[in-house]
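Examination of the molecular architecture
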2 protein chains.
Amino acid sequence: DFLAIDGEFSGISDGPSVSALTNGFDTPEERYQKLKKHSMDFLLFQFGLCTFKYDHAEEKYIMKSFNFYIFPKPFNRSSPDVKFVCQSSSIDFLANQGFDFNKVFRNGIPYLNQEEERQLREQYDEKRSQANGAGSLSYISPNATKCPVSIPEDQKKFIDKVVEQIEDFLKNEENESLELEPCTGSVSKIKERYIVISKVNEEERKRREQQKQAKEQEELNDAVGFSRVVHAIANSGKLVIGHNMLLDVMHTIHQFYCPLPDVSISVQMMLLDTKLMASTQPFKEIINNTSLAELEKRLKEVPFSPPKVESAEGFPSYDTASEQLHEAGYDAYITGLCFISMANFLGSFLSPPKNHVSARSKLIEPFFNKLFLMRVMDIPYLNLEGPDLQPKRDHVLHVTFPKEWKTSDLYQLFSAFGNIQVSWIDDTSAFVSLSQPEQVQIAVNTSRYAESYRIQTYAEYVEKKHEEKQAKRKCTEDSWKEMERKRLKTQCTPYVSQSRYYCVNSFTGTSTLGKRSMSPIQEETGSDDMEEGDVQDLECDPTDSCAESLPDGKKRAKKFKKIKKEQVPAGSLTSSSTEIFEVPETW
Amino acid sequence: DFLAIDGEFSGISDGPSVSALTNGFDTPEERYQKLKKHSMDFLLFQFGLCTFKYDHAEEKYIMKSFNFYIFPKPFNRSSPDVKFVCQSSSIDFLANQGFDFNKVFRNGIPYLNQEEERQLREQYDEKRSQANGAGSLSYISPNATKCPVSIPEDQKKFIDKVVEQIEDFLKNEENESLELEPCTGSVSKIKERYIVISKVNEEERKRREQQKQAKEQEELNDAVGFSRVVHAIANSGKLVIGHNMLLDVMHTIHQFYCPLPDVSISVQMMLLDTKLMASTQPFKEIINNTSLAELEKRLKEVPFSPPKVESAEGFPSYDTASEQLHEAGYDAYITGLCFISMANFLGSFLSPPKNHVSARSKLIEPFFNKLFLMRVMDIPYLNLEGPDLQPKRDHVLHVTFPKEWKTSDLYQLFSAFGNIQVSWIDDTSAFVSLSQPEQVQIAVNTSRYAESYRIQTYAEYVEKKHEEKQAKRKCTEDSWKEMERKRLKTQCTPYVSQSRYYCVNSFTGTSTLGKRSMSPIQEETGSDDMEEGDVQDLECDPTDSCAESLPDGKKRAKKFKKIKKEQVPAGSLTSSSTEIFEVPETW
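Per an unreviewed UniProt entry, chain A goes by Poly(A)-specific ribonuclease PARN and derives from Apteryx owenii. Recorded under Sequence similarities (unreviewed entry), the UniProt text for chain A is reproduced unchanged: "Belongs to the CAF1 family." If you open the UniProt record of chain A and go to Catalytic activity (unreviewed entry), you find "Exonucleolytic cleavage of poly(A) to 5'-AMP."

In structure tokens:
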């Protein structure tokens, strides 16, 4: 019914400290760009996946959990030799959790991004077409000069003998194969190797050819490795949930699809962030701490009820009493539990109330594709499906000052304005939010003739920054164009191979500014029957390149619709809950 | 008698491929700068050390081997959060050797470089002087505002009661200690913690103070961690050998001392590179393959003899028959074996011949502090003790061409000149060496009007590069000065703490251009008695800051001299060997 994921990384930030990386007044775009710049050189080296399937008869979820260890083991001599960064504090943190680094580095599953996969596929195709196309000339090694080789005097006798042997072999119909004498030292130093010539009929030749191709395909699949699992997740049409999942999503795209676009990402699948969900009405008021461990504990108590979840047969079960946090599979499992508890809680607002709310329910749609933004004061989420929220920041000042200044200096400077809040940008600048927007202009005016520091309104700061960007862009237009050209060259492009369909648009970055807009939830239509409609969303738009990859998914979805109609009684939302379920526009 | 070392790294090159990193016509300075730029972001995470001591009575070496796993575990919240790069191919290589990554990341020994150690020491000193100097004000928390705190209404009663209790306690001479009531929830949420006030006399106070200081010193030692082992090696005065050890030496300085200087390194200790030794007369002619594994095999056969080496009691022994290459301790051990075999072989040229040649023998001095340069055609080593060799490169051309060109295009371009050798610099340039220096000018002249490519002599290329450097330096003089200022700020500075002496000049980089010059070996003086003289070199110059760190070393050295005089018979070198032992000026 839905999937939960979690990733463990070799580090978080290769530049500023995490607190500088997460300024309270970052815009979603700025935050995305900071993470892209400072977090993508780390390796996502453990991927936790948990599948949840609801058993209607038993009224419980059946769960399967997986821990994938990931390592970009070079496939062959020409394959990319990936370098990744490790951050001591992150590694030490995982070490303290008992993380098994040997499993990563010795037995990790390799992967390729789409461009690397394309190149490898091309290599194989080229090799094959060379072998097939050569026809009667197939005895010429690839890349060899086409002109005849002159045989050195001292080897002529040996070669003549070989030629004679082969001619005899071809004449004589009885012999099936011929072993040539090992070459002498001057021809080859490896004396244990020799050539065997075999006669094969057309049938046998084809069989061998097919065998070889099957082996190549297997090699290729092994090289694409874990990326195949990620493609399967993205193409499943299932809701994919994570806790505080922005970095997970960015790493997943970066590592298994293509380099991240400059401005923003969008996905053609359904993601749900349980941290955002827990920070939003109606949960916000009754949940104090949204960290995964605390959230899991809270959701076992009233008004929530712990979900009924069992491991599938043959799968290990996790015990939430003995914490195993930060094994990715366990975190994914806990994330799943949290989602189920919160989703079911929403059912209590229905009339009549429902104990079970499925991942396909319209009740949870308001949370789709909105990823939690850590420590941003007034923008709760990065919106993957429409323009980001534009909070009023008319009480915020941007202040520049000498690098010797400390927070206390800022408190002193603004002592006349009562309570203030400081958000450091770097050594010499910070945002300062005042309690009253009216004070902003006073502060700016008072500072007009100050020499050591400079104050501007947030609006002026944004304006100036935009102008600078424009100017910079003009200045370096040539180099920009060059970069753009290169970027486009390496961008992921959709393609269809003969053996498999790819849905490159799911779980993939796009570099366009305009994102698919989602109409805001106007009103809950009040019938659980709308879950029929939900299923539509699970299927891709038929005009979409992704459509063909889901033939089974469509069938399954239709079947599911039928079951739902039979089982689920109609119910209507109370009018008060209509407002409750809207994700607020500002925090 | 001597130490052998070997390091394992998390990677080799974060930039160009190793083949581009090691151009056949690099100058030693260029090579050093390339390695500094592209190899220092990796972690030296296993350090192998082998100590060798000769037992004169038993005529064998006693060996102790160590494998240190190294990891920059953050010491506290303010300590550096080191980021390091991993290269998949290197990690995969080590994984295939059974390398235990968990030992590194879970149990690795931490370390600090000199600047970090200095800062930490300063922190401790500051804390201590704060505690001592505060005297009667010591009840004020550090960093707290100095003005009295106003007590909230609802807590006044509680505070009054505490004050009363303390006053009673001070008056009453019988009570030794007083337990204060736990704070109420509004003051502190951690209800299990409470304050105990104890009376102590001056003696007890001092004892506690000393206990605290001892504990702090222990913490500090633990934080400096493996750097202490490296300091001990550098200050031991022993010959330190390694195989192809340039990267080991650079990583050791970078990780445990200070950032590498821009131009070159110099050390005030004795290093010997067995790969350089094996590549030099009299070994060059009889050793084909100088890779460590092959060298070890070759040196077991005539004219060499396998050395007699035994593990010390309680130390594990290595079996050279079952290869365990690339555990650092094993590689250090093998390096030691190779050194002993080669050193002893030099003894066969003495008259009378000697079976045992010590690490202090003048016979091996020509190899001191010359580090092997991988794949440089005409400069065998980087000289740590004098100007580098200046090979004639009058048969070498520098060629620039379109990036589509391949090696075959260069062969075609120079087809008129017979055999050539191509050394790629990057996509669009390469060195091409001709067999005859006379052809160089012809090639340059012929190319004068060529449009797609450009040929210049090596001398012209060097000249132009030098000019460009000068111009660039002028252009950015201001930013240069700024950088220089910053560099000087973070440079390692000698200091003497009260508890330990540091020999900061050993095993340490300097950024001066002029390096200490070594007079070339003019003639072997022909007597093994000169080994007395050798010992002088083991001691530091008394004017040197390092001198004081070796009081024991001096004594030991003098004792050793005496033993030598008694045991070693005089012998004289044959005149032919005089030339043989000189390290050639060019390859």
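To continue, consider the sheet that holds strand β13 (residues 396–400) of chain B. All names here are of chain B. Taken in spatial order, the 4 strands of this open sheet run β14-β15-β13-β16, and their pairing is antiparallel. This sheet does not close on itself; its edge strands, each paired only once, are β14 (420–426) and β16 (454–457). Shown here is a sheet whose adjacent strand axes are inclined to one another by a mean of 25°, direction ignored. Running over the sheet, helix α14 (residues 439–446) touches β13, β15 (429–434) and β16 and is turned about 150° from β16.

On to the relation of the copies chain A and chain B, then. Note on the copies: chain A fits chain B at an RMSD of 0.2 Å, the axial shift is 0.0 Å, and the rotation between them is 180°. What we have between these two chains is a two-fold relation. Measuring from the rotation axis to each C-alpha of chain A, the shortest distance belongs to V85(A), at 2.1 Å. Taken as a fraction of all interface residues of chain A, those also at the interface in chain B reach 100%, which identifies the copy contact as same-surface.

What follows covers the interface of chain A and chain B. At the junction of the two partners, chain A supplies 27 residues and chain B supplies 27 residues. Counting the surface chain A buries against chain B, the share from its top three residues, K83(A), S88(A) and F105(A), is 25%. Across the contact surface, chain A and chain B share 2 salt bridges. For D92(A), the salt bridge identified is with K73(B), shortest N-O distance 3.1 Å. The tally of links from chain A across to chain B stands at 21 residue pairs in polar contact (both at pLDDT 80 or more). For the side of chain A that touches chain B, the secondary structure elements donating two or more residues are β4 (83–87), α3 (88–96) and α4 (101–107) of chain A. Looking at the side of chain A that touches chain B, the element that brings in the most residues is α3(A), giving 6 residues. Counted by class, the side of chain A that touches chain B contains 12 nonpolar, 8 polar and 7 charged residues. Alignment of β4(A) against strand β4 (residues 83–87) of chain B, held across 5 bridges, turns out to be antiparallel. For Q87(A), the partnering residue across the bridge sits in β4(B) and is K83(B).

The next thing to look at is the nonpolar core. The tendency in soluble globular proteins is for nonpolar side chains to be buried as a group. The biggest cluster of nonpolar side chains holds 110 residues, and the ones touching the most others in it are F101(A) and F101(B). F101(B) has contacts with F101(A), N102(A), F105(A), F45(B), I91(B), L94(B) and A95(B), leaving out every residue within four places of it along the chain.

Any pair of aromatic rings gets described here by the distance separating the centres and the angle formed by the planes. Summed over all chains, the structure comprises 69 aromatic pairs over all chains. Centroid distance F66(B) to F315(B): 5.4 Å. Interplanar angle 75°. Geometry classified as edge-to-face. Taken together, the residues F66(B) in strand β3 (residues 60–69) and F315(B) in the loop between β9 (309–311) and α12 (328–347) connect sequence positions 249 residues apart. F66(B) sits in the partly exposed class, given a relative accessible area of 27%. Geometrically, the ring pair formed by F345(B) and F349(B) is edge-to-face, given 5.4 Å between the ring centres and 90° between the ring planes. Looking at K370(A), its charged tip hangs above the ring of Y381(A), at a distance of 5.6 Å from the centre.

What follows concerns the UniProt feature "domain: Poly(A)-specific ribonuclease RNA-binding" (unreviewed entry) in chain A. Here the UniProt-annotated "domain: Poly(A)-specific ribonuclease RNA-binding" (unreviewed entry) positions come out as residues 386–463 of chain A. What you have in residues 386–463 of chain A is 27% helix and 28% strand, and the ends, taken at the C-alpha atoms, are 23 Å apart.

Turning next to the pattern of salt bridges. Scanning the entire structure with this criterion turns up 45 salt bridges over all chains. In this structure, R360(A) engages D1(A) in a salt bridge whose closest nitrogen and oxygen atoms are separated by 3.0 Å. With R360(A) in the loop between β10 (350–351) and β11 (370–372) and D1(A) in the segment before β1 (2–9), this pair connects stretches of sequence that are 359 residues apart. Across the pair, exposure class does not vary: R360(A) and D1(A) are buried alike. Between E122(B) and R118(B) there is a salt bridge, and its shortest N-O distance comes to 2.6 Å. One end of the pair is E122(B) and the other is R118(B), both in helix α5 (residues 114–133) and 4 residues apart, which spans about a single turn. Relative accessible area serves as the criterion here: at 26%, R118(B) is assigned to the partly exposed category. Counted as one network, the salt bridges with shared partners bring together D26(A), R31(A) and K34(A).

What follows concerns the sheet that holds strand β8 (residues 271–273) of chain B. Residue and element names in this part refer to chain B. Read across the open sheet, the 6 strands follow the order β8-β7-β1-β2-β3-β9; overall the sheet is mixed. In the strand order of this sheet, the two ends are held by β8 and β9, each with one partner. On average, each strand axis in the sheet is tilted by 30° relative to the strand beside it, whichever way the strands run. The sheet contact formed by strand β7 (residues 239–242) and β8 spans 3 bridges and is parallel. Of the residues in β8, the one forming a bridge with V240 is L271. Contacting β1 (2–9), β2 (44–55) and β8, helix α9 (residues 246–256) crosses the sheet at an angle of about 115° to β2.

Looking now at unusual backbone geometry. Most of the time, phi is negative for any residue but glycine, and the peptide bond is trans. Here the residue pair Q281(A) and P282(A) is connected by a cis peptide bond, since its omega of 5° sits within 30 degrees of zero. Mapped onto the fold, P282(A) is located in the loop between α10 (274–278) and α11 (292–298). Look at R375(A): it is not a glycine, yet its phi comes out positive at around 55°. With respect to the helices and strands, R375(A) occurs in the loop between β11 and β12 (381–383). In this structure, N244(B) takes a positive phi of about 55° despite not being glycine. Within the element layout of this structure, N244(B) appears in the loop between β7 and α9. Relative accessible area serves as the criterion here: at 22%, N244(B) is assigned to the partly exposed category.

How each quantity is defined
- Residues numbered from 1 in each chain as written.
- Chains lettered and ligands numbered in written order.
- Predicted model: local features only at pLDDT ≥ 70, side-chain atom pairs only at ≥ 80, totals over all residues.
- Heavy atoms only, no water.
- UniProt positions renumbered as here; feature names shortened; annotations may be inferred.
- Pairing = 2+ DSSP bridges.
- Helix = DSSP H or I, 4+ residues; strand = E, 2+ residues; numbered from the N terminus.
- Axes fitted to C-alpha atoms, helices over the stretch in contact; angles between N-to-C directions.
- Contact = heavy atoms within 4.5 Å.
- Least-squares fit on C-alpha atoms with pLDDT ≥ 70 in both.
- Buried area = accessible area lost by both parts, 1.4 Å probe.
- Salt bridge = Lys/Arg side-chain N within 4 Å of Asp/Glu carboxyl O.
- Polar contact = N/O pair within 3.5 Å; in protein donor to acceptor, adjacent residues only side chain to side chain.
- Nonpolar A, V, L, I, M, F, W, Y, C, P; charged D, E, K, R; others polar.
- Core = buried A, V, L, I, M, F, W, Y, C linked by side-chain atoms within 4.5 Å.
- Buried < 20%, exposed > 50% of the residue type's maximum accessible area, 1.4 Å probe, protein only.
- Phe/Tyr/Trp six-rings, centres within 6.5 Å; stacked < 30°, edge-to-face > 60°.
- Lys NZ or Arg CZ within 6 Å of the ring centre and 35° of its normal.

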